[in-house]
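Chain residues, written in single-letter form:
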Amino acid sequence: MHVGMGQFTDLKVCHELGIRSVWIDRAGEPLNPNWPPDAELNDLVGLPDLLSVS
């Protein structure tokens, strides 16, 4: 599981390599539908709960 906030540097690469990803969308960017993350959060607060059930 990769956690990142860059669509091109994180989500695109994870999608290409088949790595599960969590996108931290702090800026409220529109998501590129070509590189969908497995989960999306606004900040890191919910990450521990998300990872404990994944």
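No experiment lies behind these values; they were computed from the predicted model shown. (Residues numbered from 1 in each chain as written. Predicted model: local features only at pLDDT ≥ 70, side-chain atom pairs only at ≥ 80, totals over all residues. Heavy atoms only, no water.)

Quick look at the nonpolar core
Rules: Among buried residues, those of type Ala, Val, Leu, Ile, Met, Phe, Trp, Tyr and Cys that are joined through side-chain atoms within 4.5 Å constitute a nonpolar core. Exposed residues in this analysis have more than 50% of their type's maximum accessible area, buried residues have under 20%, and partly exposed residues fall in between, with area computed by a 1.4 Å probe over protein chains only. Under the scheme used here, helices are H or I runs from DSSP no shorter than 4 residues and strands are E runs no shorter than 2 residues, and both carry numbers assigned from the N terminus. The contact criterion used is simple: two residues touch if any of their non-hydrogen atoms lie within 4.5 Å.
If you look at the biggest cluster of nonpolar residues, it comprises 5 residues: V22, I24, A39, L41 and L47. When residues of this core are traced back to their parent elements, those giving at least two are β2 (21-24) and β3 (39-41). Not counting the four nearest positions on each side in its chain, A39 is found in contact with S21, V22, W23 and L50.

Topic: the sheet that holds β3
Here is the rule we go by: Only strands that DSSP links by at least two bridges are regarded as paired with each other. In this analysis, axes come from line fits to C-alpha atoms, helices being fitted only over the stretch in contact, and the angle between any two N-to-C directions falls in the range 0 to 180 degrees.
Spatially, β1-β2-β3 is the arrangement adopted by the 3 strands of the open sheet, whose pairing is parallel. This sheet does not close on itself; its edge strands, each paired only once, are β1 (2-4) and β3. Direction aside, neighbouring strands of the sheet carry axes that sit 20° apart on average. Sheet topology places β2 next to β3; 3 bridges connect them, and they run parallel.

The analysis is restricted to geometry; functional conclusions fall outside its scope.
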